[in-house]
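# Report on the structure
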Amino acid sequence: MDALVAQLQMQFRDYTISLYQQGFLDDQFTELKKLQDEGSPDFVAEVLSLFFEDCVKLIGNMARALDQTGTVDYSQVGASVHQLKGSSSSVGAKRVKGLCVTFKEYCEAKNYEGCVRCLQQVDIEYKTLKTKLQDMFNLEKQIIQAGGIVPQVDIN
Amino acid sequence: MAEVIRPEKLDISNDTSSLASPELLHVLAVDDSIVDRKFIERLLRVSSCRVTLVDSATRALQYLGLDGENGSVGFEDLKINLIMTDYSMPGMTGYELLKKIKESSAFREIPVVIMSSENIIPRIDRCLEEGAEDFLLKPVKLADVKRLRDSLMKADERAFKNIMHKRELEANDIYSQLKRAKI
């Protein structure tokens, strides 16, 4: 049992570190984890869940705003991008946030192709992050079910 | 001869019924982002604060009774120690909310903290000039919240200590009088 726990813990550690190294997550995610405790054991999962719902909503807004036959209201697109940039920043979704910065610039330049490209990329990116984090949460569950505790991972 | 009760034995230090508990600051947090509301709520709870969340400046004014519907009737007992508001919100901004709060006689003394994801100096200056207690860059840090709470509690604690000191002096005065009378 202990060997299994140790193996799972190592897997979890390696996986978490890789997410940071590949730029999926940044320090803010670490801050979220610090706010989690026995009293609020699902805090991180809950915030991320709200974030992914937000992604669906905001990306939908952006898509609709860009889908206008006629003139596109770039300030409308930009408003949704700004909101997504804010929430991705709050949860430590580094790649999503980075894309929003670029996206915002294309909005300001009223660059249609640039905006459409960013929209596609941000859609892929949030879905990728969602899958990665699901895998990470599953590893946590497995560790707990095997009778172990989820280790604190020191990124630095 | 009856025993004179010394002031230390008098249970004067536990009568805090007239004072709000120094531990539980009540914070009104205003943000249109559901993610940010969840986050600030956690920061505040971890810092032992009581939290009320609203999703717009309009709702904040409704909560405070400043929306012109009720006047401040019934809102005198509403005890808010701190208001934290996002700057960029659809409809009324955090800056406009700040101005409305500072214009109200009931709530102008409440510290208002502005939060923003954008580090724009003229914006920060404008908010501070309008009477904001502080301007925090998002994402807000736990250290920021703790610092705010500590400084507010120090102000509360000073007021509390002054009252306790006064009571102690009064009790000592009574003790001296009783001793002289040799009851």
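Residues numbered from 1 in each chain as written. Chains lettered and ligands numbered in written order. Predicted model: local features only at pLDDT ≥ 70, side-chain atom pairs only at ≥ 80, totals over all residues. Heavy atoms only, no water.

- Going by an unreviewed UniProt entry, chain B carries the name Response regulatory domain-containing protein and comes from Microthlaspi erraticum.
- Of the comments in the UniProt record for chain B, the one headed Sequence similarities (unreviewed entry) reads "Belongs to the ARR family. Type-A subfamily." (UniProt positions renumbered as here; feature names shortened; annotations may be inferred.)

- For chain A, an unreviewed UniProt entry supplies the name Histidine-containing phosphotransfer protein and the organism Microthlaspi erraticum.
- The heading Function (unreviewed entry) in the UniProt record of chain A holds the text "Functions as a two-component phosphorelay mediators between cytokinin sensor histidine kinases and response regulators (B-type ARRs). Plays an important role in propagating cytokinin signal transduction."

### Some points on the confidence of the model for chain B
All names here are of chain B.
- Of all residues in chain B, 82% attain a pLDDT of 70 or more, and the chain-wide mean is 85.
- The model gives residues 10-20 a pLDDT under 50, and that stretch makes 11 contacts with residues more than four places away or in other chains.
- Model confidence for the complex is summarised by a pTM of 0.84, with the ipTM given as 0.93. (pLDDT = per-residue confidence, 0-100. Contact = heavy atoms within 4.5 Å.)

### Description of empty space enclosed by the protein
- A complete count under the given rule lists two cavities of 30 Å³ or more for this structure.
- What the largest cavity holds in volume is close to 50 Å³.
- If you go around the largest cavity, the residues you meet are S90 of chain A together with D31, D36, F39, I40, M115, K138, P139 and V140 of chain B.
- It is helix α1 (residues 34-46) of chain B that provides the largest number of residues to the lining of the largest cavity, a total of three residues.
- Classifying every residue of the lining of the largest cavity by side-chain character gives five nonpolar, one polar and three charged.
- Of the voids in this model, the second largest cavity is the one considered here, and its volume is about 40 Å³. (1 Å grid on protein atoms, 1.4 Å probe; cavity = no way out; pocket = protein on both sides within 12 Å on 5 of 7 lines; lining within 4 Å. Points joined across faces, edges and corners; volume = space filled by probe spheres on them. Helix = DSSP H or I, 4+ residues; strand = E, 2+ residues; numbered from the N terminus. Nonpolar A, V, L, I, M, F, W, Y, C, P; charged D, E, K, R; others polar.)

### Here we look at the UniProt feature "modified residue: 4-aspartylphosphate" (unreviewed entry) in chain B
Residues and elements named next belong to chain B.
- Under the local residue numbering, the UniProt record ascribes the feature "modified residue: 4-aspartylphosphate" (unreviewed entry) to D86.
- Mapping D86 onto the fold places it in strand β3 (residues 82-86).
- By relative accessible area, which is 7% here, D86 ends up buried. (Buried < 20%, exposed > 50% of the residue type's maximum accessible area, 1.4 Å probe, protein only.)

### Digging into the sheet that holds strand β5 (residues 134-137) of chain B
All names here are of chain B.
- The strand order β2-β1-β3-β4-β5 describes an open sheet built from five strands, whose pairing is parallel. Since the sheet does not close on itself, it has two edges, and those belong to β2 (49-54) and β5, each with one partner. With direction set aside, neighbouring strand axes in the sheet form an average angle of 20 degrees.
- Across four bridges, β3 lies against strand β4 (residues 112-116) in parallel orientation. Looking across to β4, one finds that M84 is bridged to V113.
- Helix-sheet contacts for α1 involve β1 (25-30), β2, β3 and β4, and the interaxial angle to β2 is about 165 degrees. (Pairing = 2+ DSSP bridges. Axes fitted to C-alpha atoms, helices over the stretch in contact; angles between N-to-C directions.)

### Notes on the interface of chain B and chain A
- Counting residues at the interface gives 16 residues for chain B, matched by 19 residues for chain A.
- Considering only the side of chain B, the residues that lose the most area to chain A are V35, K38 and R42 of chain B, jointly responsible for 42% of the buried surface there.
- Counting the contacts that link chain B with chain A gives three salt bridges.
- Note that K104 of chain A is salt-bridged to E118 of chain B, the shortest N-O span being 3.6 Å.
- Applying the counting rule to chain B against chain A returns five residue pairs in polar contact (both at pLDDT 80 or more).
- Among the elements that take part in the side of chain B that touches chain A, α1 of chain B stands out by supplying eight residues, more than any other.
- Class assignment of the residues belonging to the side of chain B that touches chain A gives a composition of seven nonpolar, three polar and six charged. (Buried area = accessible area lost by both parts, 1.4 Å probe. Salt bridge = Lys/Arg side-chain N within 4 Å of Asp/Glu carboxyl O. Polar contact = N/O pair within 3.5 Å; in protein donor to acceptor, adjacent residues only side chain to side chain.)

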